[in-house]
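# Results of the structural survey
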Amino acid sequence: PVPSARHRGSPGEPRALFALPSARGPLPPPRWPVECEVIKETIEHIEWVPPQPEPFCQPAGPEWAPAALGEEQGTVVYHLSTAPPGSCFTRSRVGGAPGPLSSPAAPLEGPQDTTLLFESRFESGNLQKAVKVGPFEYVLTLRPDLYTTKHTQWFYFRVQNTRRDPLYRFTIANLAKPKSLYGEGMRPLLYSQRDAQSRGIGWRRVGADVRYYQGGSGEEPAAFRLSWTARFPHDGDTCFFAHSYPYTYSDLQRYLRALAGDPVRSRYCAVRALCRSLAGNTVYLLTITSPTAVAAKRAVVLSARAHPGESGGSWAMRGFLDFLLSAHADARLLRRLFVFKVVPMLNPDGVVVGNSRCSLAGRDPNRAYGTALRGSFPGVWHLRATVERVLAEREVVLYCDFHGHSRKNNVFMYGCDGGGAGAGPRLRQRVFPLMLSKNAPEKFSFPSCKFKVQKSKAGTGRVVMWRMGVSNSYTMEVAFGGSTLGGRSSHFTVEDLKSLGYHLCDTLLDFCDPHPAKVGQQPRREPRHPGWSRGRGDAGAVPQFQQCLSEVDVLLRQRLGRELGSGSSWSDVSPSELES
């Protein structure tokens, strides 16, 4: 295994011991476990926002399910060998498995052969097998997270040899979760290389007759199926399907390289190696602040992609960094007020290999904060150690870990209400999410937020940081689907996801609303970002902390369905009672 970074020098900053993206020269290539075959082509996609909202489709009920066709009724046209069950990670190399590539796809018999050619051996790709069960129908199997037999959710694969006219049906036969937003009108994503090159069109929602249902009764363990029909836009095109907008480790490195090459932004953003992952990929730590009066500043800690299949978290993080590193007056104010510690991709190995949930340790990193072993979960261990060091020298006003949610629409937060505390702390923990819901009313749902600390979540980043003393400690959950708020009933676009990052900045200023005299500036009144509105009726109406605190009190009384008895207070009400 590659040794983790040792922290030397200043206690707040790990030394840059590893390959960092410089403004010139090639990007440090990702390292893969030696069992993984990797094709040589670089896969990149253009960014695009559809001109019209992409509505959810009419959900098809589970009462009719396509016939459960299996291998025996069809022909295997793609089959990838993977790490044998029970194996564990041993070593990695750039480019993955040494030697010539195997041929997992069945060869075409001639120009008249309409069989699709499948491929998933690229960064973040996931498809293990494809079986052709009809002229234009395929049953697909996803690869479980490496070194596990579970967590099949994320998919991302390429198809070639497309035909424009036929209606194709695809059925993924081994999904893990009993409930999914695909059962509520969510549609998969398609990318056409020809449309991207000739028309500038990127990822779009496709699929009719989308169904999510339980597989055959004889399957062990019980598997769930996702089935959809789709037409391809062109003959002979190269297309991709994905569960969510991909954001790879190389995408992050390209972003950081552009940052390193920008003489303005690199002045207040230091990119360092937090540590190396098990495979030897750099886990990056960004420290963002203006260089003045650093000692007096409070800190904000953000992270994303503990779960590699939750790529929406990376797009929200992109939006956050774009805004915070911009020349906007509010971005300058945020850099003047706070020191930001940001880990944009906590689990790069999982992202590289196309896992849904785990790192190469074969376990969920977001359950390992309480007991994290440095050797098994280096990113989690070093992030926790960084926060401990920061807490020793300054207050951490906010910790937020960005995630994706597969069963509920909209954006919401999980916070920490341990019960028993006085009214103040219990109400205060709910203020930041309430403010965020006011700043992003068409995306963020305050009623979907939960604050109960469940035993099963004791090892999550949010709970452990809260127990360490970060009172405003949250997981932000971004739906894989979209928004049902404010008259919307449509999928999130990349721009929607990025805007969450801007709204987080906006809310941080409202939450900490510095006294104008303290920072020598007039109260903020202009809209924050040219690309989006503040989402309030009155652009000047900044919801003050005290006002929101009172509102939380009223909302909780409504939820409780009764007044607090005489002599009793919020500290007598259990978190369970507030979440029922």
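What comes next concerns the included structure. Owing to the predicted nature of the structure, the values given are computational and were not obtained by experimental measurement. (Residues numbered from 1 in each chain as written. Predicted model: local features only at pLDDT ≥ 70, side-chain atom pairs only at ≥ 80, totals over all residues. Heavy atoms only, no water.)

Moving on, we come to the pairing of strand S7 (residues 156-160). Of all five residues in S7, four are buried; the element is thus mostly enclosed. In terms of strand pairing, strand S4 (residues 117-119) meets S7 through three bridges, oriented antiparallel. In the strand pairing of S7, glutamate 119 is matched with arginine 158. Of the pairings in the sheet, the one linking S7 to strand S13 (residues 239-242) comprises four bridges and is antiparallel in character. Residue pairing in the sheet places valine 159 in a bridge with cysteine 239 of S13. (Buried < 20%, exposed > 50% of the residue type's maximum accessible area, 1.4 Å probe, protein only. Helix = DSSP H or I, 4+ residues; strand = E, 2+ residues; numbered from the N terminus. Pairing = 2+ DSSP bridges.)

Further remarks concern empty space enclosed by the protein. Across all of its chains, the model carries four cavities of 30 Å³ or more by this definition. Roughly 130 Å³ of internal volume is contained in the largest cavity. Lining the largest cavity are 15 residues, and of these Leu346, Asn347, Ser359, Pro378 and Gly379 lie nearest its centre. Top element by residues in the lining of the largest cavity is helix H6 (residues 378-393). It accounts for three residues. (1 Å grid on protein atoms, 1.4 Å probe; cavity = no way out; pocket = protein on both sides within 12 Å on 5 of 7 lines; lining within 4 Å. Points joined across faces, edges and corners; volume = space filled by probe spheres on them.)

Our focus in this paragraph is the packing of aromatic side chains. Applying the stated rule across the entire model yields 32 aromatic pairs. Relative to phenylalanine 157, the ring of phenylalanine 118 has its centre 6.0 Å away and its plane inclined at 45°; by these criteria the two rings are tilted. With phenylalanine 118 in strand S4 and phenylalanine 157 in strand S7, this pair connects stretches of sequence that are 39 residues apart. You'll find phenylalanine 118 and phenylalanine 157 in the same group, each marked buried. Ring geometry for tyrosine 191 and phenylalanine 240: centres 6.2 Å apart, planes at 70°, overall edge-to-face. Of this pair, tyrosine 191 sits in strand S9 (residues 189-192) while phenylalanine 240 is found in strand S13, placing the two residues 49 residues apart along the sequence. Like tyrosine 191, the residue phenylalanine 240 is buried in the burial classification. If you follow lysine 408 out to its NZ or CZ, it ends over the ring of phenylalanine 412, 4.4 Å from the centre. It is lysine 457 that lies over the ring of tyrosine 414; its NZ or CZ is 5.6 Å from the centre. (Phe/Tyr/Trp six-rings, centres within 6.5 Å; stacked < 30°, edge-to-face > 60°. Lys NZ or Arg CZ within 6 Å of the ring centre and 35° of its normal.)

A word on the packing of helix H4 (residues 329-337) against helix H10 (residues 494-512). Axis separation between H4 and H10 bottoms out at 11 Å; the angle between their running directions is 60°. By the angle between their axes, H4 is oblique relative to H10. In this structure, H4 crosses over H10, and the sense of that crossing is left-handed. Contacts between H4 and H10 involve Asp330, Leu333, Leu334 and Leu337 from the former and Cys505, Leu508 and Leu509 from the latter. Looking at the contact of H4 with H10 residue by residue, the classes come out as six nonpolar, no polar and one charged. (Axes fitted to C-alpha atoms, helices over the stretch in contact; angles between N-to-C directions. Parallel < 35°, antiparallel > 145°, perpendicular 65-115°, else oblique. Left-handed = near helix turned anticlockwise from the far one by under 90°. Contact = heavy atoms within 4.5 Å. Nonpolar A, V, L, I, M, F, W, Y, C, P; charged D, E, K, R; others polar.)

The next point concerns unusual backbone geometry. In most cases, non-glycine residues show a negative phi, while peptide bonds are predominantly trans. The phi dihedral of alanine 293 falls on the positive side, at around 45°, and the residue is not glycine. Judged by relative accessible area, alanine 293 falls into the exposed class, the value being 60%. Although it is not a glycine, asparagine 410 sits at a positive phi angle of roughly 75°. Within the secondary structure, asparagine 410 is located in the loop between strand S18 (396-405) and strand S19 (411-417). Given a relative accessible area of 6%, asparagine 410 falls into the buried group.

So, on to the pairing of strand S8 (residues 168-175). Buried residues dominate S8, accounting for eight of its eight residues. Sheet topology places strand S6 (residues 137-141) next to S8; four bridges connect them, and they run parallel. Considered in S8, the bridge of valine 139 is made with threonine 171. Where S8 meets strand S12 (residues 224-230), six bridges bridge the pair, whose relative direction is antiparallel. In the sheet register, leucine 175 faces S12, and the bridge partner there is phenylalanine 224.

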